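Listed here are the chains, written in short residue letters.
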Amino acid sequence: MIQSNYFEDNEDLILQFDELIDWQEIVSEYEGDFSDAKLYLSTQNPNLQMAPSNLGEAIDYYREILNSYGEMAGMEVSPYVASFDSEGLQFKDGVVTHPQKMADLVDAFHSAGLPPAGFLRKFGGLGLPHTIKGLLLEIIYRCDTSFAIAMGSINLATILQDICDEEQKNRILPKLINERYSVTMGLSEPDFGSDLSSVKTRAEFKDGKWYITGTKRFQTLACGVNGAPSATLCLARTGSPTSGAKGLSFFLVDGKDYEIAGIEKKMGIKSSATCEVVMNNSPAELLGKEGYGLTRYVMGMLNGARMSVASQGAGIATAAYKESLKYAQERIQFGKPLSEIPAIKRILDRMEREIIGMRSLLIEGARTVDLYHWRSMREKDSGKDEKEIRKDPHIQFWNSVSSALTPLAKYYNAEMANTICYDAIQVFGGSGFCEDYDVARLYRDVRIASIWDGTSQIQVNAAIGPISLGLSGSGAFGEYIKTKMSLISPSEELNEIYENVKEIAILYKNLENSSLKEYYSVDLIQNVSRFLIGILFEEQEKKLKNESVLQKRKELRSKFNLDTLGFNDSALRKLRALRQ
Ligand SMILES: Cc1cc2nc3c(=O)[nH]c(=O)nc-3n(C[C@H](O)[C@H](O)[C@H](O)COP(=O)(O)OP(=O)(O)OC[C@H]3O[C@@H](n4cnc5c(N)ncnc54)[C@H](O)[C@@H]3O)c2cc1C
């Protein structure tokens, strides 16, 4: 792997940070009136010591965090990731052992205080908005997926900030952070993965306590890292066996109370433990309200997990591109570097522009979550009724837009990262097919992105409702797009794409039955993803000050939009044919 600071060596990431992201908007949503900094002055609570007291301090703090992530990922961890993959995991007598160097480096991240990125300061977290979390995850995923999970899985527990009462939050969250827990999503079972409303694991209330019995499959890191503690956020049935989604509740089960029955042998992410977990009357703590497990809480947790996979896609794709570019500049064929051979240059150019698009989509998705999440959390903490909070027009609007953008970003970045890793192997030729270079590992590792945390098909199912409604009739997503288009002077190509996407949405809406709609939904989602990236590119151009950067971006955007018009044409031909 290339060794460098993975923040500082990434021109586009720096450009996004320095010129393109509207920090004023994000910081004011996250910090409110900088209440943490004020509270620090009056309480001297050490957890609040790093709280910024103005916009400039917040930006400096974010840069410092990204720099630390970039330095540790790119300089300290990257030299070892190939060995984590070849060494793999050991499983014996219910105990999983990770490569020792990997465990040592996870510890080094903990000692630097970097893992709890998504937690509020008062619980011992770094106090970062989703936008920054998206970028730091991209950096760490560029380094290695297995390592990224081993280091940062604790952030799954940020859902407790939204669903638990103050007593539970204050008791559980600092303990998880201080004791360096790994946290897993206890959802999938041997018989149910996508169809979570059917899970069978049972929770029973006996003598004033909850106990869980059942088997969970594919539990990432349910074993913890080499002796460090672990916990699972477990979905279990508290209603009758036929109670469906509404009979499911959400529990915290400590790793010492369940058994690891085995780990999977996998094609990729070989140093990430994918465990089978057996719970037999395991003591558990109910989180939030009974019956809200799947419908509210898991969906909330999956929103965060979706954005994390959008980061994973951008991170792995960046690694694949940077390794490919370096190789193509160094290897000479027919008397010149591969990078100067038009067929290879074409591949590299597409990789570059697609990655900038993926990163833009990731940042926009995270932004939409920032725009409603912190405000609603603050209002909840102040005792305001949840129904009232949901009625707030600002919260309602951005919540709605993000319910379209988070599955869109997960779907698009996961699929595109797979394509980019395929391209990377092609740039390396025969050497790419061998394990001597990193791209073979990246190609194996990236495959999970379109499967876990809800497959690409499930993301399409999640996004299609708000998007088709928004584009063909009314709804927040349509409003959001209209506003964005009115704030730029769209290029001719972007206007044409908009007209095409509207037609695709109407053709989709008029399909005769729900089976046909499910069959063709991916066409709409793919085209909308690319249309949105096209809008983001043109928004960004308005902010760029450097003329040569602007020119390069314009060329890149034009090529991106031409590709999109090709996708539009394919979808329109298919859908128009169905009408005849
Ligand atoms: C390495 C790894 C780590 C994982 N980590 C975790 C974890 O930590 N916690 C956890 O709970 N789970 C985890 N999972 C499970 C993962 O989330 C599931 O594998 C995934 O959700 C798909 O479920 P499934 O494997 O049962 O496939 P199925 O649900 O059987 O799906 C098979 C295929 O059918 C498609 N499909 C199914 N239903 C529909 C539908 N209604 N519409 C369209 N297409 C559909 C799917 O897209 C897929 O292509 C992990 C899996 C792996 C491989």
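### Some details on the site of the ligand
Consideration 1: The environment of the ligand is made up of 20 residues, and the closest members are Met185, Ser194, Phe218, Thr220 and Thr455.
Consideration 2: Here Ser188 contributes a side-chain N or O atom positioned 2.7 Å from a nitrogen atom of the ligand.
Consideration 3: Considering the ligand on its own, with 970 Å² of exposed area, one finds that the protein chains cover 66% of that surface.
Consideration 4: At the level of secondary structure, the elements contributing two or more residues to the shell around the ligand comprise strand S3 (182–186), strand S5 (209–220) and helix H17 (456–472).
Consideration 5: Residues that form the shell around the ligand fall into these classes: eight nonpolar, 10 polar and two charged.
Consideration 6: Residue-level mapping places the shell around the ligand at the junction of two domains, with at least three residues from each of domain 1 (179–291) and domain 2 (456–579).

### Topic: the pairing of S3
Remark: a regular strand shows side chains that alternate across the two faces of the sheet.
Consideration 1: Counting buried positions over the five residues of S3 gives five, a clear majority of the element.
Consideration 2: Burial of the side chains of S3 extends over both faces: Ser182, Thr184 and Gly186 are buried on one face and Val183 and Met185 on the other.
Consideration 3: In the sheet, S3 pairs with strand S6 (residues 230–237) via five bridges, with the strands oriented parallel. In the sheet register, Thr184 faces S6, and the bridge partner there is Thr232.

### Quick word on the packing of helix H11 (residues 293–330) against helix H16 (residues 438–446)
Consideration 1: H16 packs onto H11 with a crossing angle of 160° between their chain directions and a minimal axis gap of 10 Å. As summarised for this structure, H11 and H16 are arranged roughly antiparallel, according to the angle between their axes. Once H11 is placed against H16, the crossing between them reads as left-handed. Of the residues in H16, those touching H11 at Gln312, Ile316, Ala319, Ala320 and Glu323 are Asp438, Val439, Leu442, Asp445 and Val446.

### Re the packing of helix H2 (residues 23–31) against helix H12 (residues 342–381)
Consideration 1: Here H2 crosses H12 at 25°, and the two axes come no closer than 8 Å. What the angle tells us is that H2 and H12 run roughly parallel. The hand of the H2/H12 crossing is left-handed. Residue-level inspection shows Glu25, Ile26, Ser28, Glu29, Tyr30 and Glu31 of H2 in contact with H12, the latter providing Arg367, Asp370, Leu371, Trp374, Arg375 and Arg378.
Consideration 2: Here the contact of H2 with H12 is composed, by residue class, of four nonpolar, one polar and seven charged.

### Digging into the domain arrangement of the protein chain
Accessible area lost upon the coming together of the parts is a frequently used measure of interface size.
Consideration 1: Examined at the domain level, the protein chain breaks down into domain 1 (179–291) and domain 2 (456–579).
Consideration 2: Between the C-alpha centres of domain 1 and domain 2 there is a distance of 38 Å.

### Regarding unusual backbone geometry
Consideration 1: Its identity is not glycine, yet Gln44 carries a phi of approximately 60°, on the positive side.
Consideration 2: Among the structural elements, Gln44 can be located in the loop between helix H3 (35–43) and helix H4 (55–77).

### Regarding the packing of aromatic side chains
Consideration 1: Inspection of every chain in the model, using the stated rule, returns 21 aromatic pairs.
Consideration 2: Aromatic pair Phe7 and Phe17: ring centres 5.9 Å apart, planes at 80°, arrangement edge-to-face. Residue Phe7 is located in the segment before helix H1 (11–20), and its partner Phe17 is located in helix H1; the two are separated by 10 residues in the primary sequence. There is no split in this pair, since Phe7 and Phe17 are both buried.
Consideration 3: Grouped by ring-pair contacts, the aromatic residues Phe7, Phe17, Trp23, Tyr61 and Tyr62 constitute a single cluster.
Consideration 4: Its guanidinium or amino end placed over the ring of Tyr498, Lys502 lies 4.1 Å from that ring's centre, counting from NZ or CZ.
Consideration 5: When the ring centre of Phe560 is taken as reference, the NZ or CZ atom of Arg530 above it lies at 4.0 Å.

About the thresholds
- Residues numbered from 1 in each chain as written.
- Predicted model: local features only at pLDDT ≥ 70, side-chain atom pairs only at ≥ 80, totals over all residues.
- Heavy atoms only, no water.
- Near = heavy atom within 4 Å.
- Polar contact = N/O pair within 3.5 Å; in protein donor to acceptor, adjacent residues only side chain to side chain.
- Areas by Shrake-Rupley, 256 points an atom, 1.4 Å probe, with all protein chains shown as cover.
- Helix = DSSP H or I, 4+ residues; strand = E, 2+ residues; numbered from the N terminus.
- Nonpolar A, V, L, I, M, F, W, Y, C, P; charged D, E, K, R; others polar.
- Domains from an automatic or database assignment.
- Buried < 20%, exposed > 50% of the residue type's maximum accessible area, 1.4 Å probe, protein only.
- Pairing = 2+ DSSP bridges.
- Axes fitted to C-alpha atoms, helices over the stretch in contact; angles between N-to-C directions.
- Parallel < 35°, antiparallel > 145°, perpendicular 65-115°, else oblique.
- Left-handed = near helix turned anticlockwise from the far one by under 90°.
- Contact = heavy atoms within 4.5 Å.
- Phe/Tyr/Trp six-rings, centres within 6.5 Å; stacked < 30°, edge-to-face > 60°.
- Lys NZ or Arg CZ within 6 Å of the ring centre and 35° of its normal.

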